[in-house]
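Listed below are the residues making up each chain.
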Amino acid sequence: METMTENKSENKKRVFSAIKPTGNPTLGNYLGAMQYWGGMSDEYDCIFSVADLHAITVAIEPKDLRENSKRLFALLIAVGIDPEKNVVFMQSHVRAHCELCWLLNNYTMFGEARRMTQFKEKSEKAPENINVGLFDYPVLMAADILLYQTDIVPVGDDQLQHVELCRNIAERFNNRYSPTFKMPEGKVPKAGARIYSLTDPTAKMGKSDSGDAGAVFILDTPETIMRKFKRAVTDSDAAVKASPDKLGITNLLNIYAALCGITVAAAEAEFDGCDYATFKTRVGEAAVERLRPVREKYDALRRDDGRLSELMRAGADTAARIAARTLEKVYKKIGFVRT
Ligand code: TRP
């Protein structure tokens, strides 16, 4: 199977995406992105990465980086990404990412990188640690994408600007030398793309705030999940209807619809005349049932560290072989001596 992925068939488009091992993945990450990734391998040639190199642009303890990385890798497989049908790997295990990042730095303008919204936001959040890595973050992301001749990049809407920058870099390089990189396209999943905090439905459900009662984590116990849903903010009205002045209820309806694979209108119809307490319990139960098999599969994987390492090595081997082809071309075109 590995070789099938490597020699990707001509008619299958390539998908690449990655997720940073910062914080604890939430139901929002699951419904907005991860749940779709497993099913994509029928139609696409898929490569998924744990973007551990991206995780150190903000301060992180070594033990947290280590644990988060292992957890996320196991979780990707637990949510349904079959390592026999996809390439799954740790970004830092494939050296080509750092190498291409350095090369691409020289085809990225300071001004265009400085305009990145995420850089500006993160700089404001941590003014004591505006490091060059934080600034370079989108160039490393461009390297991730371009190494694999990617057609489609499934991302959250906050990452579209980075994919745009990646396209600009690719275009600049292709024009300067000759066609080298495929032009990737960013794609935001429609349903469940944005899940908000259960306690503050104006804020995105954040994976970094572990103490937050507003975030449901994929690996939360059923009891914790139920408690969080039961305490979700609603309003003084009593109608289970989505509306701009009912953000809490709207968020819960979105979550329920995404969990059950139905439309919000269908969810509204299902809860017509239902009281808020019952509604919140039902949403909680749907989340518990949906996440149960994920947690079980995850626990089994984490019980066998040797197997996890083996899966990481196999994924990195395949990824490295694909990446090496692009990287070699890039070195040659720039004029580096290759022997
Ligand atoms: N920056 C992305 C995020 O924060 C994660 C990421 C790193 C990524 N490299 C990537 C996403 C390449 C898509 C493609 O979500």
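Scoring rules and cut-offs
- Residues numbered from 1 in each chain as written.
- Predicted model: local features only at pLDDT ≥ 70, side-chain atom pairs only at ≥ 80, totals over all residues.
- Heavy atoms only, no water.
- Helix = DSSP H or I, 4+ residues; strand = E, 2+ residues; numbered from the N terminus.
- Rg over C-alpha atoms; globule rule 2.2 N^0.38 Å.
- Buried < 20%, exposed > 50% of the residue type's maximum accessible area, 1.4 Å probe, protein only.
- Contact = heavy atoms within 4.5 Å.
- Areas by Shrake-Rupley, 256 points an atom, 1.4 Å probe, with all protein chains shown as cover.
- Lys, Arg positive; Asp, Glu negative; His and termini not counted.
- Charge placed at Lys NZ, Arg CZ, Asp CG, Glu CD.
- pLDDT = per-residue confidence, 0-100.
- Near = heavy atom within 4 Å.
- Polar contact = N/O pair within 3.5 Å; in protein donor to acceptor, adjacent residues only side chain to side chain.
- Nonpolar A, V, L, I, M, F, W, Y, C, P; charged D, E, K, R; others polar.
- Right-handed = clockwise from strand over helix to strand, strands pointing away.
- Pairing = 2+ DSSP bridges.
- Salt bridge = Lys/Arg side-chain N within 4 Å of Asp/Glu carboxyl O.
- Axes fitted to C-alpha atoms, helices over the stretch in contact; angles between N-to-C directions.
- Parallel < 35°, antiparallel > 145°, perpendicular 65-115°, else oblique.
- Left-handed = near helix turned anticlockwise from the far one by under 90°.

**Q** Can you help me understand the overall build of the chain in this one?
**A** Summing up its helical and strand segments, the chain has 13 helices and five strands in all. Its C-alpha radius of gyration of 21 Å places the chain within 12% of the 20 Å reference for a compact globule of 339 residues. Seen through its C-alpha atoms, the chain measures out along the principal axes to roughly 70 × 45 × 40 Å. Sorting the 339 residues of the chain into buried and exposed places 50% on the buried side. Taking the intrachain contacts of the chain between residues at least 6 apart in sequence as the baseline, contacts between residues at least 24 apart amount to 76%. For the chain, the exposed surface amounts to about 16,100 Å²; the carbon and sulfur share of it is 52%. The averaged location of the 46 negative side-chain charges in the chain is 4 Å from the averaged location of its 47 positive side-chain charges.

**Q** In this structure, what is going on with the confidence of the model for the chain? I would like to understand it.
**A** Low-confidence regions, as indicated by low pLDDT, have predicted coordinates that should not be scrutinised in detail. With 95% of its residues at a pLDDT of at least 70, the chain reaches an overall mean of 93. Here residues 1–5 scores under 50 on pLDDT; set against residues more than four positions off or in separate chains, the count is nine contacts.

**Q** Explain the site of the ligand to me, please; I cannot follow it from the model alone.
**A** Taken together, 13 residues surround the ligand, and among them Lys20, Tyr137, Met141, Asp144 and Gln159 come closest. Within the side chain of tyrosine 137, an N or O atom sits 2.6 Å from a nitrogen atom of the ligand. Across the complex, the protein chains shield 90% of the 360 Å² of accessible surface that the ligand would expose by itself. Those elements that place two or more of their residues in the shell around the ligand are β1 (13–19) and α7 (132–147). Here the shell around the ligand gets four residues from one element, more than from any other, and that element is α7. Taken together, the residues of the shell around the ligand break down into eight nonpolar, three polar and two charged.

**Q** So what exactly am I meant to see when it comes to the pairing of strand β2 (residues 44–50) here?
**A** Where a strand is regular, its side chains alternate between the two sheet faces. Burial of β2 is extensive: seven of the seven residues sit out of reach of the surface. Traced from β1 through helix α2 (residues 27–37) to β2, the parallel crossover comes out right-handed. Sheet analysis places β2 next to strand β3 (residues 87–90), joined by four bridges and oriented parallel. Each bridged residue has a counterpart across the sheet, and for serine 49 the counterpart in β3 is phenylalanine 89. Handedness of the crossover joining β2 and β3 through helix α3 (residues 62–78): right-handed.

**Q** Honestly, the pairing of β1 in this entry has me stumped. Any pointers?
**A** Most of β1 sits out of view: five of its seven residues are buried. Inspection of the sheet shows β1 paired to β2 by seven bridges, in the parallel sense. Along β2, the bridge assignment pairs serine 17 with phenylalanine 48.

**Q** Teacher, can you tell me more about the environment of arginine 302 here?
**A** Looking at where arginine 302 falls in the secondary structure, it is placed in helix α12 (residues 276–302). A polar contact of 3.1 Å, which involves the side chain of arginine 302, links it to the side chain of glutamate 67. Engagement of the side chain of arginine 302 in a polar contact is seen with the side chain of tyrosine 298, the distance being 2.9 Å.

**Q** Before we go on, may I ask you to explain the environment of threonine 278 in this structure?
**A** Considering the arrangement of structural elements, one finds threonine 278 in helix α12. Assessed through its relative accessible area of 36%, threonine 278 is described here as partly exposed. The sequence separation of threonine 278 and alanine 59 amounts to 219 residues, and the corresponding C-alpha distance is 42 Å.

**Q** I keep staring at the pattern of salt bridges and nothing clicks. Help me out?
**A** Pairs can form between side chains of opposite charge whenever their charged atoms are close. Enumeration over the complete set of coordinates arrives at 16 salt bridges. Between aspartate 45 and arginine 14 there is a salt bridge; the shortest N-O distance is 2.7 Å. Taken together, the residues span a long stretch of sequence, with aspartate 45 in strand β2 and arginine 14 in strand β1 at a distance of 31 residues. By relative accessible area, which is 6% here, aspartate 45 ends up buried. Note that glutamate 112 and arginine 172 form a salt bridge whose closest N and O atoms lie 2.6 Å from each other.

**Q** Quick question: what am I supposed to make of the packing of α2 against helix α10 (residues 247–260) here?
**A** Helix packing for two helices is described by the angle between their axes and how far apart those axes are. Here α2 crosses α10 at 45°, and the two axes come no closer than 11 Å. On the basis of the axis angle, α2 is oblique to α10. The crossing of α2 and α10 is left-handed. Between α2 and α10, the contacting residues are Leu27, Leu31 and Gln35 on the first element and Ile255, Ala258 and Leu259 on the second. Residues that form the contact of α2 with α10 fall into these classes: five nonpolar, one polar and no charged.

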